[in-house]
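Each chain, letter by letter, is given below.
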2 protein chains.
Amino acid sequence: MPHIENNEEFKGLNVNDGVEQPPIINPYRKSRIKKKELTVNDYVEGIISGNRTILSQAVTLVESFLPEHHAVAQEVIEKCLPYAGNSIRLGITGVPGAGKSTFIEALGTYLCNKGENLAVLAIDPSSERSKGSILGDKTRMEELSVAQNAFIRPSPSAGSLGGVARKTRESIVLCEAAGFNTIFVETVGVGQSETAMHSMVDFFLLIQLAGTGDELQGIKRGIMEMADGITINKCDGNNIEKAQLAKVQFQNALHLFPMPESGWTPKVTTCSAFEKINIDEVWNMVLEYIRFTKKNGYFDYKRKQQSKYWMYETIDEYLRTSFYNNPIIEKLLTQYELKVNNNELTSFAAAHKLLDIYKDL
Amino acid sequence: MPHIENNEEFKGLNVNDGVEQPPIINPYRKSRIKKKELTVNDYVEGIISGNRTILSQAVTLVESFLPEHHAVAQEVIEKCLPYAGNSIRLGITGVPGAGKSTFIEALGTYLCNKGENLAVLAIDPSSERSKGSILGDKTRMEELSVAQNAFIRPSPSAGSLGGVARKTRESIVLCEAAGFNTIFVETVGVGQSETAMHSMVDFFLLIQLAGTGDELQGIKRGIMEMADGITINKCDGNNIEKAQLAKVQFQNALHLFPMPESGWTPKVTTCSAFEKINIDEVWNMVLEYIRFTKKNGYFDYKRKQQSKYWMYETIDEYLRTSFYNNPIIEKLLTQYELKVNNNELTSFAAAHKLLDIYKDL
């Protein structure tokens, strides 16, 4: 597992495991970080020189819930910022069963063979329960997990969507500063994580399956309209005809949507991640989009918008959390919801009564 | 203009004008309300007895920016709540040019002729500038504006989207308590007002035009997925074939979307509002939806969810407004945005620095 060589932390834990483990749930590992007592400069220099062990420790720091880690992490990220940004950030989503892991293995290996440095991250707020439900299935990433120039890190393993997303976004900065020029961000296709992902990637790829029935029911409404490209996976064997038909159907549907702000018309391709067919075509679509948006200025514009978005999103989330996590408000909220439900109080009166109580606390 | 008969306020102002005028910008009218000094009970009794003049004054009260009006308005709404809710709330949107006014005239007249009591409201946060840009075009609502059982009220004429939407939602309560059993809420199809409208209506109708080109570019991404039904308007003359084709295209596209929470498969119809063709078909689609969702329980569930949504939305908006309208924060915000843009500060660090300053104010 070349990408974590010299990483003493892992020895004896997961010797044959190229996939990073969610670190927070591993108390042993946390104590090791403390022991080493790296300074901010140690972290920054290590990252910029491309030291994977230190990168991995810095990501652990970003993911930590300890306040003392948080302060150090913020300084490290800030010092890495000038070295970050020079990458293609690809968001990948699709319902469970669409073949995301196999697709990441196929596209990731393809890129690594071309000499790209690839970091694979994830946003999965549910991963606490499942202990890393995505990017955890190493059996489907056999090749990629041992590739010299790949760095795979499962989703931060706990917390609110906002918290998890923040950590993933900050890890992007660290990975880019460490020299990774291609970043994959994976998410699960069934929740709000797509909006968070959409706000941190350059290209939003939706993996779909052929068929207009049950297969599509898992994906949330609104996600299709975020996609810069769709690939119909499992276009192999008996499924080729169905996948080709689905391609046409999606293409027609996308034409009914208004043009995205980027000026780019979303494209649909077919591929077989399992058979490694047409993987290059998917990547060419991404590259074409990058060229197109760099030329018309949208690429930089979007990245700046995303930075602003996260600033405002962080503020909004903090304001909301302070209110809703207040123990007095928490208790009253159910009462007021009931009053609203029973038509005893308007939604607006209930809101203002709660706000008045909050202000006087 | 039967629906505002006995309304002395209007005499000499808009004698031949069945459409209510945005009242806030009319100082004369405000002073008249003060003079009458109706009590909360006067308002409530008047509304419940179906007195249009008093209903109209109560809506004016809801729309007022004066704090003393606000308190009275809230009491009136609360007392009307037990009499409200017994209606069909239809949201109507579409890009400018889709023929919304003509459609409302056609469907509204159709319903009035059937003996329904119809109130037509609007959400248009831009109406301050245009002094009521929607529902202002009376020439297209000649019939409806003189119908005995129709009550037409333009959008509240100023403020944030949240504020305008709140006023429209509260006006729905008043209209229902006054005996209107059909409520139209119109919006413009080009902004976030659809999300607000979606959160206050039972059925979301999108008016589209045939053609997959420029006509569609005006409508915002994500709106199509909110629709419970689409009607392709202007299906008349030379346009019939194109409209029929568009119907099939939209139907196919909608099949690619996942099933909405309601369990209802969105339908597509064609109509000509101008020629008054197939207007009944559109209404039958709405009725079918109401029957369907009342049977499976979604109708009540959604209304309760909407009430909760507005409580939380009001809280969130207040928390945000308090922060962003703080003069010190307002000044610093631009500075911090710039630092984030220049990669001097991460989005998260900037947010937390601003929040720390805010907490110490």
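Below, the structure is looked at part by part.

Definitions and cut-offs
Residues numbered from 1 in each chain as written. Chains lettered and ligands numbered in written order. Predicted model: local features only at pLDDT ≥ 70, side-chain atom pairs only at ≥ 80, totals over all residues. Heavy atoms only, no water. Least-squares fit on C-alpha atoms with pLDDT ≥ 70 in both. Contact = heavy atoms within 4.5 Å. Buried area = accessible area lost by both parts, 1.4 Å probe. Salt bridge = Lys/Arg side-chain N within 4 Å of Asp/Glu carboxyl O. Polar contact = N/O pair within 3.5 Å; in protein donor to acceptor, adjacent residues only side chain to side chain. Helix = DSSP H or I, 4+ residues; strand = E, 2+ residues; numbered from the N terminus. Nonpolar A, V, L, I, M, F, W, Y, C, P; charged D, E, K, R; others polar. Pairing = 2+ DSSP bridges. Axes fitted to C-alpha atoms, helices over the stretch in contact; angles between N-to-C directions. Expected span 1.5 Å × (residues − 1). Buried < 20%, exposed > 50% of the residue type's maximum accessible area, 1.4 Å probe, protein only. 1 Å grid on protein atoms, 1.4 Å probe; cavity = no way out; pocket = protein on both sides within 12 Å on 5 of 7 lines; lining within 4 Å. Points joined across faces, edges and corners; volume = space filled by probe spheres on them.

### Points about the relation of the copies chain B and chain A
Piece 1. If you rotate chain B by 180° and push it 0.0 Å along the axis, it lands on chain A with an RMSD of 0.0 Å. What the rotation and shift describe, once combined, is the action of a two-fold rotation axis. Residue Ala253(B), judged by its C-alpha, is the member of chain B lying nearest the rotation axis, at 2.4 Å.
Piece 2. The overlap is high: 100% of the interface residues of chain B also sit at the interface in chain A, so the same surface is used on both sides.

### Quick word on the interface of chain B and chain A
Piece 1. Contacts between chain B and chain A engage 61 residues on the former and 62 residues on the latter.
Piece 2. Summing both partners gives a buried area of about 5,800 Å² for chain B against chain A, and 64% of it is carried by carbon and sulfur.
Piece 3. Across the chain B-chain A interface, the total number found is two salt bridges.
Piece 4. Taking the shortest distance from any N to any O, the salt bridge between Glu337(B) and Lys308(A) comes out at 3.8 Å.
Piece 5. For the interface between chain B and chain A, the tally reads 10 residue pairs in polar contact (both at pLDDT 80 or more).
Piece 6. Contributing elements (two or more residues each) for the side of chain B that touches chain A: α4 (67-80), α7 (161-177), α9 (214-217), α10 (240-256), α12 (298-324), α13 (327-341) and α14 (347-359) of chain B.
Piece 7. Classifying every residue of the side of chain B that touches chain A by side-chain character gives 34 nonpolar, 13 polar and 14 charged.

### Looking at the sheet that holds strand β2 (residues 118-122) of chain B
Paired through backbone hydrogen bonds, the strands of a sheet run either parallel or antiparallel to each other.
Residue and element names in this part refer to chain B.
Piece 1. A sheet is described by the order of its strands in space; here seven strands give the open sequence β3-β2-β4-β1-β5-β6-β7, paired in parallel fashion. This sheet does not close on itself; its edge strands, each paired only once, are β3 (150-152) and β7 (267-270). Strand-to-strand twist in this sheet, taken as the mean axis angle between neighbours without regard to direction, amounts to 20°.
Piece 2. Sheet topology places strand β1 (residues 88-93) next to strand β5 (residues 203-208); four bridges connect them, and they run parallel. Among the inter-strand pairings, Gly-91 is bridged to a residue of β5, identified as Phe-204.
Piece 3. Across the face of the sheet, helix α5 (residues 100-113) comes into contact with β1, β2, β3, β4 (182-186), β5 and β6 (229-232) while running at roughly 180° to β4.
Piece 4. Together, β1, β2, β3 and β4 form the strand contacts of α7, whose direction differs from that of β2 by roughly 170°.

### Notes on helix α3 (residues 52-63) of chain B
Residue and element names in this part refer to chain B.
Piece 1. Look at α3: 16 Å from first C-alpha to last across 12 residues, which is about the 16 Å you get at 1.5 Å a residue.
Piece 2. Across the 12 residues that make up α3, a large majority, 12, are buried.
Piece 3. Taken together, the buried positions of α3 are Arg-52, Thr-53, Ile-54, Leu-55, Ser-56, Gln-57, Ala-58, Val-59, Thr-60, Leu-61, Val-62 and Glu-63.

### Remarks on the pattern of salt bridges
All names here are of chain A.
Piece 1. Scanning the entire structure with this criterion turns up 16 salt bridges over all chains.
Piece 2. Across the salt bridge formed by Arg-166 and Glu-170, the nearest N and O atoms sit 2.8 Å from each other. Placement of the pair is Arg-166 and Glu-170 together in helix α7 (residues 161-177), with a separation of four residues, close to one helical turn. As far as burial versus exposure is concerned, Arg-166 and Glu-170 are alike and both buried.
Piece 3. For Arg-303, the salt bridge is made with Asp-202, and the minimal N-O distance between the two is 2.7 Å.

### Remarks on helix α14 (residues 347-359) of chain A
Piece 1. Over its 13 residues, α14(A) runs 18 Å from end to end, which matches the ideal 18 Å to within 8%, given 1.5 Å per residue.
Piece 2. Buried within α14(A) are the following residues: Ser347(A), Phe348(A), Ala349(A), Ala350(A), Ala351(A), Leu354(A) and Leu355(A).
Piece 3. Where α14(A) is buried, its residues touch α12 (298-324) and α13 (327-341) of chain A together with α4, α7 and α12 of chain B.

### Details of the layout of surface pockets
To find the voids left in a structure, one rolls a probe of water-molecule size over its atoms.
Piece 1. Of the pockets and cavities examined, the second largest pocket occupies roughly 590 Å³.
Piece 2. Forming the boundary of the second largest pocket are 25 residues, of which His70(A), Gln74(A), Arg166(A), Thr314(A) and His352(B) lie nearest the centre.
Piece 3. If you list the elements that add at least two residues to the lining of the second largest pocket, you get α4 (67-80), α7 and α12 of chain A together with α14 of chain B.

### Observations concerning the pairing of strand β6 (residues 229-232) of chain A
All names here are of chain A.
Piece 1. Side chains Gly-229 and Thr-231 project from β6 onto one buried face, and the interleaved Ile-230 and Ile-232 project onto a second face that is buried too.
Piece 2. Across four bridges, the pairing between strand β5 (residues 203-208) and β6 is parallel. Within the sheet, the bridge partner assigned to Leu-205 lies in β6 and is Gly-229.
Piece 3. Relative to strand β7 (residues 267-270), β6 is paired through four bridges, and the arrangement is parallel. What sits directly across from Ile-232, in β7, is Thr-270.

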